Amino acid sequence: LILLFSLYLAAALADFLTPYSMHFNDPDLANAPPSTIYIQDENGNFTWPFVYAMDRVFEIETFKQSYFEVEEKKYPLKLFCRGESYRLFGLIPLDIHLYGVDSPARIFLLGSDINGRDNFSRLFFGAQKSLTIGFLGLLIAFPIGIVYGGISSFAGGLVDTIMMRVAEAVMYIPGFYLLIGRMFERSILLS
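What you are looking at is a predicted structure, and each value in this text was computed from that prediction instead of being measured. (Residues numbered from 1 in each chain as written. Predicted model: local features only at pLDDT ≥ 70, side-chain atom pairs only at ≥ 80, totals over all residues. Heavy atoms only, no water.)

S.K.: Could you clarify how one ought to interpret the overall build of the chain in this entry?
M.R.: The helix and strand tally for the chain stands at four helices and five strands. Element order for the chain, N to C, with α for helix and β for strand: α-α-β-β-β-β-β-α-α. The globule rule puts the C-alpha radius of gyration for 191 residues at 16 Å, and the 26 Å found for the chain is more than 25% above it. Principal-axis analysis of the C-alpha atoms gives the chain an extent of 80 × 55 × 30 Å. When the 191 residues of the chain are sorted by exposure, 24% land in the buried category. (Helix = DSSP H or I, 4+ residues; strand = E, 2+ residues; numbered from the N terminus. Rg over C-alpha atoms; globule rule 2.2 N^0.38 Å. Buried < 20%, exposed > 50% of the residue type's maximum accessible area, 1.4 Å probe, protein only.)

Written out as structure tokens, the structure reads:
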């Protein structure tokens, strides 16, 4: 329950917890690897976390793109920094993000996708939709189950037996398709 509550809270606060919005993209950094966050300077002394800006090189002969860090300037990691504006819970206009770096550097904790969108940020925004769908499914299935089970237990006897067999058949539907897939897989392996 604590884990589920934490996931819902993180999804609700996605705009604040992530450095970029759901619609952010940087096509120049498409498919960029995760950003390296440095905590030591070039002399080995501990310092405030920082990143370097990344640059992309496209090799026309091999059609391969490579990324390298531009080590001319350090971009310190900022906490509670200003960024893209958003509405917290759809109501309160804000532009404060938990962390970020100054432009032109980007911080991609999980890299970026083919469109240059931050995978970490999109993970949180995807969780908003996934967890909402799960919650709505619960809100629909729970009352139906309560009413169906109540009718079954109140009527009892033959009605209860028939209703429970119907409920078991409905619960077995996902397993039925997996069983068919497994039988199909075995028939291919045997032939």
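We are not done yet, so read on.
S.K.: What is the right way to read the packing of aromatic side chains from this model?
M.R.: The relative placement of two aromatic rings is captured by the distance of their centres and the angle of their planes. Under the defined criterion, the tally for this structure stands at 10 aromatic pairs. Centroid distance Tyr20 to Phe108: 5.9 Å. Interplanar angle 55 degrees. Geometry classified as tilted. Of this pair, Tyr20 sits in the loop between α2 (14-17) and β1 (38-40) while Phe108 sits in the loop between β5 (92-100) and α3 (119-155), placing them 88 residues apart in sequence. Residues Tyr20 and Phe108 agree in their burial class; the two are buried. Each ring, one from Phe58 and one from Phe63, has its centre 6.4 Å from the other, and the planes form 55 degrees; the classification is tilted. Take Phe63: its relative accessible area is 62%, and that puts it in the exposed class. Note that Lys74 overlies the ring of Phe50, its terminal NZ or CZ placed 5.0 Å from the centroid. (Phe/Tyr/Trp six-rings, centres within 6.5 Å; stacked < 30°, edge-to-face > 60°. Lys NZ or Arg CZ within 6 Å of the ring centre and 35° of its normal.)

S.K.: Would you mind going over unusual backbone geometry with me for this structure?
M.R.: Apart from glycine, the bulk of residues carry a negative phi angle, and the bulk of peptide bonds sit in the trans form. Geometrically, the link from Ser103 to Pro104 is a cis peptide bond, its omega value of 15 degrees lying close to zero. Of note, Pro104 is situated in the loop between β5 and α3. The phi angle at Phe63 is positive, at roughly 55 degrees, despite the residue not being glycine. Within the secondary structure, Phe63 sits in the loop between β2 (46-59) and β3 (64-76). Phi is positive for Phe89, which is not a glycine, with a value near 55 degrees. With respect to the helices and strands, the residue Phe89 is situated in the loop between β4 (78-88) and β5.

S.K.: Is there a simple way to think about the sheet that holds β2 in this case?
M.R.: Pairing between the strands of a sheet comes from backbone hydrogen bonds, and it takes one of two forms, parallel or antiparallel. Strand order in the open sheet made by the three strands is β1-β2-β3, with antiparallel pairing throughout. Each edge of the open sheet is held by one strand with a lone partner, namely β1 and β3. Taking each pair of neighbouring strands and ignoring which way they run, the sheet shows an average axis angle of 40 degrees. Pairing between β1 and β2: two bridges, direction antiparallel. Bridging from a neighbouring strand, Tyr38 pairs with Phe50 of β2. (Pairing = 2+ DSSP bridges. Axes fitted to C-alpha atoms, helices over the stretch in contact; angles between N-to-C directions.)

S.K.: Help me understand the pairing of β5 in this model?
M.R.: Along any regular strand, the residues point their side chains to alternate faces of the sheet. Where β4 and β5 come together, seven bridges link them in antiparallel fashion. Bridge assignment links Arg82 to a residue of β5, and that residue is Ile96. The antiparallel pairing of β4 with β5 creates a hairpin that spans three residues between the two strands, and Phe89 there sits at a positive phi of about 55 degrees.

S.K.: Explain the pairing of β2 here, please?
M.R.: A loop of five residues connects β1 with β2, the two strands running antiparallel in sequence, and Gly44 in this loop sits at a positive phi of about 90 degrees. Sheet topology note: the β2/β3 ladder contains 10 bridges and is antiparallel. The residue of β3 that forms the bridge with Tyr52 is Lys74. The turn joining β2 and β3, which pair antiparallel and follow one another in sequence, is formed by four residues; a positive phi near 55 degrees is taken by Phe63.

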